[in-house]
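# Breakdown of the fold
In case you want the letters, here they are:
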Amino acid sequence: MFSFENLFGSLFTWDEPNGRLRYFFNHILIFIVMLFLIAILAAIPQSLRAIVFVGVIGLCNLYLIFTNVAKRIWDITGDKKQGIYWTIGLIIAGFIPAIGQIVDLASLIILLFVPGAERVED
């Protein structure tokens, strides 16, 4: 079977794309980590420290989601740069009021069910 490092260690490296299973498990891990960090935030009294902690949580979440989605798109397209560009486009589209939620939901479904590109190993 897969080890914890094999499945979740890919969030911190840019050496290979994510397949569907790894993308799904990474999304679950990101969700659990964010719940844990928000629980810690709820225990901190409101102060400047809490505002800084919110910023750190936001940046951490943005990095982890960006990495996971970019590597999944890299797996689908076969090109790392296209994965990064499409992910930036999806993030920007997410800020459009009515269309953003539809694009986010559609991209989540597409990324979960579209198989990756065939790669030829030399």
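Definitions and limits used
- Residues numbered from 1 in each chain as written.
- Predicted model: local features only at pLDDT ≥ 70, side-chain atom pairs only at ≥ 80, totals over all residues.
- Heavy atoms only, no water.
- Helix = DSSP H or I, 4+ residues; strand = E, 2+ residues; numbered from the N terminus.
- Buried < 20%, exposed > 50% of the residue type's maximum accessible area, 1.4 Å probe, protein only.
- Contact = heavy atoms within 4.5 Å.
- Areas by Shrake-Rupley, 256 points an atom, 1.4 Å probe, with all protein chains shown as cover.
- Phe/Tyr/Trp six-rings, centres within 6.5 Å; stacked < 30°, edge-to-face > 60°.
- Expected span 1.5 Å × (residues − 1).

### Quick look at the overall build of the protein chain
Tallying secondary structure elements over the protein chain gives five helices and zero strands in all. Starting at the N terminus and ending at the C terminus, the protein chain contains elements arranged as α-α-α-α-α. Relative to its full complement of 122 residues, the protein chain shows a buried share of 28%. Put simply, of all contacts in the protein chain between residues at least 6 apart along the chain, 60% involve residues at least 24 apart. Roughly 8300 Å² of accessible area belongs to the protein chain as shown, and the carbon and sulfur atoms make up 74% of that amount.

### Observations regarding the packing of aromatic side chains
Inspection of every chain in the model, using the stated rule, returns one aromatic pair. Arranged with centres 5.8 Å apart and planes meeting at 55 degrees, the rings of F24 and F25 form a pair that is tilted. The exposure class assigned to F24 is partly exposed, which follows from its relative accessible area of 40%. For F25, a relative accessible area of 26% translates into the label partly exposed.

### Re helix α3 (residues 48–77)
For α3, which comprises 30 residues, the first-to-last C-alpha distance of 43 Å matches the rise-based estimate of 44 Å (1.5 Å per residue) to within 8%. G78 lies just past α3 and shows a positive phi near 85 degrees.

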